Structure formats: structure tokens, C-alpha cells
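Here are the chains, one letter per residue:
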Amino acid sequence: MCELLVGLPEVNVLGVEDQPPEPLRVHVESRVDQAWCRACGGRAAVKDRPAVTLVDLPCFGRPTRLVWHKHRWSCPERACPAGSWTIVDDRIAPARAALTDRAARWATVHVGRLGRSVNEVAVELGCDWHTVNDAVVAYGEALVDADVGRVGQVDALGLDETLFFRKGPRHLKQWCTSVVDAGGPGRDAKLIEIVEGRTATKVSDWLDGQPEEWRAGIRWGVLDMSGPYRKVFDDSLEHVTQVADPFHVSKHANSKLDECRRRVQNETLGHRGRKDDPLYRGRRLLTKAHERLDSDGEAKLLSLLEAGDPRGEVRMTWHAKETVRGLYDIEDPDIAGQYLDELVGDMLDAEMPPEVRSLGRTLRRWR
């Protein structure tokens, strides 16, 4: 019954330690035949029996440890260079592993497929967070490398930076680059790969390592207008047409509007925004999409601009932001291109606020 419970191939159960509240400890040994020296071919002898403790799957609702009594062999011939060696059985656990093979596979499924947190799985197994995370990374990377067909053909490749985690006591930001299939008609967008950092070199190295046929099938490069990602496409995928995605274009327009609001605030009142200042009170209404403003919201915004924007610079930048957003409502690309050229020409007029001219220069670079 114990051997059935352990469920491992060619294993003898030597005994079970049950000392609550400690984890159950199941002592096992491999069923081995006579070993022979790998160097001279002579009969080997058992040198010692080291015990290795591995985290195993819970049993009867309690954490369990598998104590594997290994066989360390040695060649009795003094002149033999083989020395001693330990036979490793990957069916029980890989070399230098802290979890049994079945526990590591189980943890990988629960974290990777079922979406459970590493800490939750570690609590259930009764072990350290790092023990589970190391196993999930090792087994998960092997699964990703083996699944060569997970990506498929990509027509539009997207790059974007993502804040991955904060490291150390000072919570330093650690960034990564998300490589995505932007999808298309009848195809959903999906994540392809995560590359450490947000520099052009690492992303280019990943792209250069992909099959040439796969890279040649990419027609569009979708990015967030950053210089490093533009360099990635220039260096590694120079044949693709680069496209700035609508989210980041609108975000850039909103950031220019916010810069203009803060500048006008300081120039007119001599200090940063305070809760009673008109422009500070309208900061959220300014970045909100115009179609989402009801009549009361629009009336409030216009009254706040009338009170805090004497030269109309913030209002002009707000109109420019909304006009840029309206470009994506035009379905015909030729008409949208002509409209964009006219818009950029108006934005670069010397009488425009500096933030509007800066936005126009950015749009001109991406035209």
C-alpha cells in the first residue's frame, strides 16, 4: 500500500515517520541491480547511502517529504580512475533538485496553467517560496522551449515595456519587454515572449535568434514610439512598416496637454496646482475623452478654462489632443494621411503653444 501511495517506479518504501505537526517523511530506496565500474568494467561496491530529502506532494492533507536513500558506488580497484559515483534517477528527481519530479510538475501546472500564486503552492507543499519558484522556472522554461509551434505566423509584431517587479529594499524598478502578436482579422492578440530589460540590444538578440522564414512573414511593427524599440525594427526587421499604436499616441497627446496645463498654471499663479485653482480642478476633465463628457462635464471644463487659461493655450492644446484622437475614426488610410499632414502643418505654426508644436514634430516623425 505504501508503494502504491508513493507511486514511483522501481522504489522500495523503507518506512514512514509520522511525528505531528512535522511533515510526513517517507523513506525510499531505488531498486538497483549490481553496478559495474564505468571505467574498468569491474564489479562495483556500495560506498555509502546518503539520504536526500525532497519535497513531495501532500499526503492526507499534510506536507510530505520523500527521503531518498541513494546508492553511492565505488570501484574497489585502487588503480581505477573512476573513483565513486551516484546513480541519478530523473523519474524520482533531477540532480540537485529540491522537489520530486512529480511535485515539480504539479507545481508547474498549478502556477502556470491554473494561475495560482507561487506562495499559495509553497504553503500547500510546506516549503519555501524559492523552492517552488525555482522548480516552476526550470520546468516551465523546458515546456516553452519544447513548444516550438506556440507562436505560429505573425503578421503584426508589437513591442512594449512592462514594469516586471521592484527589486531590493529601495524597490528599484526592473523592466521587461513584452513581445506580442498584435493579431488581426479573425485572430486574437497574444503574448509571445518576455525579454529581460527594455534595451534595443536584448530584444534584437532575441529576434535575430528566430527562424528567418518567421521573421520574413512579419509585415507590421507596432511600438510605443520609443527610440530603443524603433532601433530594434531598424536593425533586425528593417523590411516591416512601423506603426505607433493608438494607445501610446493618445497617451503622448495627453502628456503634452498636462505639460501645458502645469506650465500655464505656474506662469499665471506662480505656484503649482492647488485644490482651488481652476486648471488643477479640471486636470481630469482635460484628459478625459470628449465623447465621454456629458453636458454638465463639458460646461464645467469650459468654465474652468475660462477662469484659469487667460491666453487660451490649454484650450488649444486640448483641441489638438482631441483632433489627434479623431484620426483613428477615419477608416480610409489615404484620407487619414492627408488629414494628418494638414494637422501637423497647423500644429507647427509659430503661434501655437510649445507643447502643441512638440506634439506636431512627433507626429511628423511618424508620418
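Here, the structure is the one placed above.
Report on the accompanying structure. (Residues numbered from 1 in each chain as written. Predicted model: local features only at pLDDT ≥ 70, side-chain atom pairs only at ≥ 80, totals over all residues. Heavy atoms only, no water.)

Time to look at the sheet that holds strand β3 (residues 45-48). Paired through backbone hydrogen bonds, the strands of a sheet run either parallel or antiparallel to each other. The strand order across the open sheet formed by three strands is β3-β6-β7, and the pairing between neighbours is antiparallel. Each of the sheet's edge strands pairs with one partner strand only, and the pair in question is β3 and β7 (84-86). Each adjacent strand pair in this sheet contributes to an overall mean axis angle of 40°, direction not counted. Here strand β6 (residues 72-74) pairs with β7 via three bridges, running antiparallel. By the bridge assignment for β7, Ser-74 is matched with Ser-84. (Pairing = 2+ DSSP bridges. Helix = DSSP H or I, 4+ residues; strand = E, 2+ residues; numbered from the N terminus. Axes fitted to C-alpha atoms, helices over the stretch in contact; angles between N-to-C directions.)

When helix α5 (residues 200-208) is considered as a whole, its buried residues turn out to be Ala-200, Val-203, Ser-204, Trp-206 and Leu-207. In an axial view of α5, the angular spread of the buried residues amounts to 160°, which keeps them on one side of the axis. Exposed residues lying more than 90 degrees from the buried face of α5 are Thr-201 and Asp-205. In this structure, the buried side of α5 is in contact with β8 (156-167), β9 (172-181), β10 (190-196), α6 (212-216) and α7 (227-236). (Buried < 20%, exposed > 50% of the residue type's maximum accessible area, 1.4 Å probe, protein only. Arc of directions from axis to C-beta. Contact = heavy atoms within 4.5 Å.)

On to the sheet that holds strand β12 (residues 241-244), then. In space, the five strands of this open sheet follow the order β10-β9-β8-β11-β12, with mixed pairing throughout. Looking at which strands have only one partner, the edges of the open sheet turn out to be β10 and β12. Averaged over all neighbouring strand pairs, the angle between strand axes comes to 30°, with direction disregarded. Sheet topology note: the β8/strand β11 (residues 220-223) ladder contains three bridges and is parallel. If you follow Leu-157 over to β11, its bridge partner there is Gly-221. Across the sheet, α5 lies against β8, β9 and β10, angled at about 125° from β10, the strand it touches most. On top of the sheet, α7 reaches β8, β9, β11 and β12; it is set at about 140° to β8, its chief contact.

A one-sided burial pattern is seen for β12, the buried positions being Gln-242 and Ala-244 and the unburied ones Thr-241 and Val-243. Taken together, the four bridges between β11 and β12 define a ladder with parallel strand orientation. Its bridge partner lying in β12, Trp-220 is registered against Thr-241. For the crossover from β11 across α7 to β12, the handedness is right-handed. (Right-handed = clockwise from strand over helix to strand, strands pointing away.)

Using the criterion set out here, one finds two aromatic pairs in the structure. Ring centres of Phe-164 and Phe-165 lie 5.9 Å apart, and the angle between their planes is 75°; this geometry places the pair in the edge-to-face category. Ring centres of Trp-206 and Trp-214 lie 6.1 Å apart, and the angle between their planes is 90°; this geometry places the pair in the edge-to-face category. Here Trp-206 matches Trp-214 in class, with each residue buried. Taking NZ or CZ as reference, Arg-230 lies 4.3 Å from the ring centre of Trp-366, over its face. Residue placement shows Arg-283 over the ring face of Tyr-280; its charged tip is 3.9 Å from the ring centre. (Phe/Tyr/Trp six-rings, centres within 6.5 Å; stacked < 30°, edge-to-face > 60°. Lys NZ or Arg CZ within 6 Å of the ring centre and 35° of its normal.)

We now examine the side chain of Thr-317. You can see Thr-317 is positioned in helix α12 (residues 313-326). Residue class for Thr-317 comes out buried when judged on its relative accessible area of 3%. When neighbours within four sequence positions are excluded, Thr-317 is seen to be in contact with Lys-256, Leu-257, Cys-260, Pro-353 and Val-356.

You can see Ala-182 is positioned in the loop between β9 and β10. Sequence spacing of Ala-182 and Ala-156 is 26 residues, and the spatial spacing of their C-alpha atoms is 5.3 Å. If we skip the residues at most four places from it in the chain, Ala-182 touches Ala-156, Ala-189 and Val-222.

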